[in-house]
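# Summary of the model geometry
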Amino acid sequence: MPLIQVWLRKGTAPAHRQGISKSIHRAMVDVLGIPEDDYFQVTHELDAEDMLFDPHYFGLPRSERFIMIRLSFNARPAAMKQKLFDAIADNLEKDPGLDRADMGMSIVETAFENWWAHGRAVDPKTGTDSRMSA
């Protein structure tokens, strides 16, 4: 049951926000093997004065289209997380057409026992949704 949060500046079109959401979810399904319906995201639109970042941090130009993505889920191997970052970035370049320099991502890992949702079937051996492939 991943929880995805996205922060971006106010003023984007609904299609832009939907493109971001779908691109992230597609990568999660493809890389992590989560079920299609394991989909929960929150988008936070901020005024310019509340979205503060250096437009040239790490020596790369960043535009006002910059977004920050926080992915919260239980532990995964480092190689899988890197593959997920790459898949999300690839997808976001396609839809909604973001530049890689305008993306920031972080993962917050939580223990299996820190998630709850009514009706969720958890595999007691892995702590993951029992519908996920191994």
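Quick caveat, the model's predicted, so the values are computed rather than measured. Going along each chain's sequence as written, the residues are numbered from 1 onward. In view of the model being predicted, local features appear only for residues whose pLDDT reaches at least 70, and side-chain atom pairs are presented and counted only at 80 or more, with totals across whole chains, interfaces and linings using the full set of residues. In computing side-chain properties, one takes all heavy atoms of the structure into account and sets aside hydrogens as well as water.

With that settled, the discussion passes to the side chain of Asn-74. Every helix listed is a DSSP run of H or I at least four residues long, and every strand listed is a run of E at least two residues long, numbered separately from the N terminus. The topology assignment puts Asn-74 in strand E3 (residues 67-74). Separated by 2.7 Å, the side chains of Asn-74 and Arg-76 make a polar contact. Think of a polar contact as two N or O atoms within 3.5 Å of one another; within protein, one of them needs to be a possible hydrogen donor and the other a possible acceptor, and neighboring residues in sequence only count if both atoms come from side chains.

What follows concerns the pairing of strand E4 (residues 103-110). Both E3 and E4 contribute to a ladder of eight bridges, which runs parallel. Directly across from Met-68, in E4, lies its bridge partner Gly-104. The definition of a right-handed crossover adopted here requires that, viewed with the strands pointing away, the path from the first strand over the helix to the second runs clockwise. On the question of chirality, the crossover connecting E3 to the parallel E4 by way of helix H2 (residues 78-94) is right-handed. At least two bridges found by DSSP between two strands are what make those strands a pair.

Burial here depends on accessible area, computed with a 1.4 Å probe over protein chains only, as a share of the maximum for the residue type. Under 20% is buried, over 50% is exposed, and the range in between is partly exposed. Where burial is concerned, most of strand E1 (residues 3-9) is hidden: six out of the seven residues are buried. Both E1 and E3 contribute to a ladder of five bridges, which runs antiparallel. Directly across from Ile-4, in E3, lies its bridge partner Leu-71. Looking at chain direction, E1 and strand E2 (residues 41-46) are connected through six bridges and run parallel. Within the sheet, the bridge partner assigned to Val-6 lies in E2 and is Thr-43. Between the parallel elements E1 and E2, the chain passes through helix H1 (residues 14-32) in a crossover that is right-handed.

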